[in-house]
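Chain and residue survey
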Amino acid sequence: LIYIHKAIDLCVEKNVQKSLDLFYEDCGYILFLKGDYQAAERYLLKSIELYEQFDTYWLRSIAESSLAMIYASDDLRDSALEHFRKAEVFSQKEMAQEELVVLEQARCVLKKANIL
């Protein structure tokens, strides 16, 4: 997490926006895994903003799945479902194993919350 923050700071300092999407996503996901959902949400939303700006999607489904689980835990059902559906779409673009694993975790969380 320390190194990701350093990478983010360096990119911001040098005004390099490409790669920030992945650094924000990684940071958000790590914070999510640590249970710091509020900070995770901020970073994940920043990553999605950049994914949309640059029209990229590599590992975006991890950000979307993580947000779906955060919103499910906050009982924000519509937001949870919206991000889960986006995660499903983006996970199919590259079919990366790590994306599919997180998507399945989100599916289980949303089913348990009776959102799916």
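Going by the structure above, here's the rest.
These notes cover the structure that comes with them. (Residues numbered from 1 in each chain as written. Predicted model: local features only at pLDDT ≥ 70, side-chain atom pairs only at ≥ 80, totals over all residues. Heavy atoms only, no water.)

Quick look at the nonpolar core now. With 33 residues, the main nonpolar core has I8 and L110 as its most contacted residues. Among the elements of the structure, α1 (2-13), α2 (20-34), α3 (37-54), α4 (60-73), α5 (77-94) and α6 (97-112) are those that each provide at least two residues to this core. No other element matches α4, which puts 8 residues into this core. Each residue touching I8, except ones within four places of it in the same chain, is listed here: L20, F23, Y24, C27 and Y43. (Core = buried A, V, L, I, M, F, W, Y, C linked by side-chain atoms within 4.5 Å. Buried < 20%, exposed > 50% of the residue type's maximum accessible area, 1.4 Å probe, protein only. Helix = DSSP H or I, 4+ residues; strand = E, 2+ residues; numbered from the N terminus. Contact = heavy atoms within 4.5 Å.)

Another point: α1. The end-to-end C-alpha distance of α1 is 16 Å, a good match for the 16 Å that 12 residues give at a rise of 1.5 Å each. All of the buried residues along α1 are I4, A7, I8 and C11. Projected onto a plane normal to the axis of α1, the buried residues spread over an arc of 100 degrees and lie on a single side. The outward face of α1, more than 90 degrees from its buried face, is lined by the exposed residues I2, Y3, K6, D9 and E13. Those residues of α1 that are buried are in contact with α2 and α3. Of the residues trailing α1, N15 is marked for its positive phi of about 60 degrees. (Expected span 1.5 Å × (residues − 1). Arc of directions from axis to C-beta.)

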